[in-house]
Amino acid sequence: MSVTTSSSRISTENSTNTLAPDASMSSLEIIQLNKQKDMRVLGEWVRTEYRKAKSARQAIERQWYLNMAFYQGRQWVAYAPQQAGISNKLVIPPVPPYRVRSTVNRCRSVIRTEMSRLTSNKPNASVVPASSEDEDLFAAQAGEQVWESIYANHQLSTIFKRSIFWTTICGTGFMKVWWDKNAVQNMPDGSEQNGDIKYAPVTPFHIFVHDLTEEEIENQPFVINAYTKTVDCCRQSSVEDF
């Protein structure tokens, strides 16, 4: 049996697919069924690429965890031997009872000094007028005021500091920018406007890329921002057909 629509054709001969269409289904229902199948294929591809990217950078993540431990003052840790149940785990190797382990955390002071240098100057945005006419001059000033408003209202100073923290610890940091259609902005005239630009620091542990040798993230074929969340949380913040 086969069902044909104006946009797609589904063949169910000798098929065991649980999403096979019924002869009584309408064209709209069949199109929706195709979308579900496409989402399953896309989801499987994302899971496959996620596993590959996570496995490829395992050695780098081990160094990140070690850097975090040193920053927290755990200077005597080491990775446990590759044994069942304790692989990739930081442990403190045992020593004779007469040996004293004195710890002076110089890593934290170095990290804080580097962060102070990187955040000492506020990022500025300048808009060049298109001409010397008053209208273009006022438009350029308005553009700079937009940047100042975004910087203050979205607390970009704090977001920059958190991103730089991960840069100094792990060697790389990220700041994610996206459009939140569910956000509500309170306008100066008292009205409300739906949608707003959102900014957030992202730890390098949650970013996965295809090519670890490519320095520019724009040149990556894809970027995966992975989080572990509950199904209810995804339903509230994702598309309606989740």
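None of these values were measured; they are calculated from a predicted model.

**Regarding the packing of aromatic side chains**
Okay, step 1: Under the criterion given, the structure shown has nine aromatic pairs.
Okay, step 2: With centroids separated by 5.4 Å and ring planes inclined at 70 degrees, the aromatic side chains of tryptophan 45 and phenylalanine 222 adopt a geometry described as edge-to-face. Taken as a pair, tryptophan 45 in helix 1 (residues 27–56) and phenylalanine 222 in the loop between strand 7 (207–209) and strand 8 (223–225) lie far apart in primary sequence, 177 residues in all.
Okay, step 3: Ring plane angle 75 degrees and centroid distance 4.9 Å describe the contact between tyrosine 50 and phenylalanine 208, whose orientation is recorded as edge-to-face.

**A short note on the nonpolar core**
Okay, step 1: The biggest cluster of nonpolar side chains holds eleven residues, and these are Trp64, Met68, Tyr71, Ile111, Met115, Ile164, Phe165, Trp166, Ile169, Cys170 and Phe205.
Okay, step 2: Looking at this core, the elements with two or more residues in it are helix 2 (58–71), helix 3 (106–118) and helix 5 (156–170).
Okay, step 3: Per element, the largest residue contribution to this core is five residues, and it comes from helix 5.
Okay, step 4: Setting aside chain neighbours within four positions, we find tryptophan 64 in contact with Arg57, Cys170, Thr172, Pro204 and Phe205.

**Structural notes on the environment of glutamine 58**
Okay, step 1: One can find glutamine 58 in helix 2.
Okay, step 2: A residue is classified by how much of its surface remains accessible, and glutamine 58, at 36% relative accessible area, is partly exposed.
Okay, step 3: Separated by 30 residues in the primary sequence, glutamine 58 and asparagine 88 place their C-alpha atoms 9.3 Å from one another.

**A look at unusual backbone geometry**
Okay, step 1: Phi angles above zero are rare outside glycine, and glutamine 155 is one such case at about 55 degrees.
Okay, step 2: Within the secondary structure, glutamine 155 is located in the loop between helix 4 (134–153) and helix 5.

**Points about the side chain of arginine 57**
Okay, step 1: Checked against the element boundaries, arginine 57 lands in the loop between helix 1 and helix 2.
Okay, step 2: Among all residues touching arginine 57, those that are not within four sequence positions of it are Trp64, Pro204, Phe205, His206, Ile207, Phe208 and Leu212.

**Notes on helix 4**
Okay, step 1: Helix length check: helix 4, at 20 residues, gives a terminal C-alpha distance of 28 Å against a target of 28 Å (1.5 Å per residue), a fit within 8%.
Okay, step 2: Listed in full, the buried residues belonging to helix 4 are Ala140, Trp147 and Tyr151. One side of helix 4 carries all its buried residues, which in axial view fall inside an arc of 35 degrees. Opposite its buried face, helix 4 presents the exposed residues Asp134, Glu135, Phe138, Gln145, Ala152 and Asn153, each directed more than 90 degrees away.
Okay, step 3: Contacts from the buried residues of helix 4 go to helix 5.
Okay, step 4: Just beyond helix 4, the residue with positive phi is glutamine 155, at close to 55 degrees.

**Considering the pairing of strand 6 (residues 192–202)**
Okay, step 1: Sheet topology note: the strand 5 (residues 174–186)/strand 6 ladder contains ten bridges and is antiparallel. Across the sheet, the residue bridging to glutamine 185 is glutamine 193, located in strand 6.
Okay, step 2: In textbook terms, the turn of a hairpin is the stretch between consecutive antiparallel strands, and for strand 5 and strand 6 this stretch comprises five residues, one of which, glycine 190, has a positive phi near 95 degrees.

**Notes on a nonpolar patch on the surface**
Okay, step 1: Where nonpolar side chains cluster on the molecular surface, the patch consists of Met39, Leu42, Trp45 and Val46 and spans about 380 Å² of accessible area.
Okay, step 2: Summarising the element assignment, methionine 39 is placed in helix 1.

**Looking at helix 3**
Residues lying three or four places apart along an α-helix face the same way, a consequence of the helix completing one turn every 3.6 residues.
Okay, step 1: If you check helix 3, its first and last C-alpha atoms are 19 Å apart, about what 13 residues at 1.5 Å a residue would give, namely 18 Å.
Okay, step 2: Capping the start of helix 3 is the job of one residue whose side-chain oxygen sits 3.3 Å from the backbone nitrogen of cysteine 107: asparagine 105.

**Points about the environment of glutamine 193**
Okay, step 1: Tracing the chain through its elements places glutamine 193 in strand 6.
Okay, step 2: By relative accessible area, glutamine 193 is classed as partly exposed at 38%.
Okay, step 3: Between the alpha carbons of glutamine 193 and alanine 183 there is a distance of 8.4 Å; along the sequence they are ten residues apart.
Okay, step 4: Apart from residues no more than four positions distant in its own chain, glutamine 193 is found in contact with Ala183, Val184, Gln185 and Met187.

What counts, and at which threshold
- Each chain has its residues counted from 1, running along the sequence as written.
- Note on the predicted model: pLDDT of at least 70 is required for a residue's local features to be given, and 80 or more for side-chain atom pairs to be given and counted; whole-chain, interface and lining totals, by contrast, use all residues.
- Derived side-chain values reflect all non-hydrogen atoms in the structure, with water molecules and hydrogen atoms excluded from consideration.
- Working definition: a ring pair exists when centres of Phe, Tyr or Trp rings (six-membered ring for Trp) sit within 6.5 Å. Plane angles under 30 degrees give stacked, over 60 give edge-to-face, the rest tilted.
- Starting at the N terminus, helices and strands are each numbered in turn, a helix being any DSSP run of H or I of at least four residues and a strand any DSSP run of E of at least two.
- The set of buried Ala, Val, Leu, Ile, Met, Phe, Trp, Tyr and Cys residues whose side-chain atoms join them within 4.5 Å is what this entry labels a nonpolar core.
- Three exposure classes are used, based on accessible area relative to the maximum for each residue type with a 1.4 Å probe and protein chains only: buried under 20%, partly exposed in between, and exposed over 50%.
- The contact definition used throughout considers only heavy atoms, calling two residues in contact when any of these lie within 4.5 Å.
- Expected span of a helix: the number of residues minus one, times 1.5 Å.
- Directions drawn from the helix axis to the C-beta atoms are what define this arc.
- A pair of strands is treated as paired once DSSP finds two or more bridges between them.
- The residues that make up patches have over 30% relative accessible area and no salt bridge, and they are joined within 9 Å when like-charged or within 5 Å when they are Val, Leu, Ile, Met, Phe, Trp or Tyr.
- For the accessible areas, the method is Shrake-Rupley and the probe is 1.4 Å, while residue cover comes only from the protein chains on display.
- In what follows, salt bridge is the name for a side-chain nitrogen of Lys or Arg lying within 4 Å of a carboxyl oxygen of Asp or Glu.
- Each polar contact in these results corresponds to two N or O atoms within 3.5 Å; when the atoms are within protein, one needs to be able to donate a hydrogen and the other to accept it, and residues that are neighboring in sequence are counted only if both atoms are side-chain atoms.

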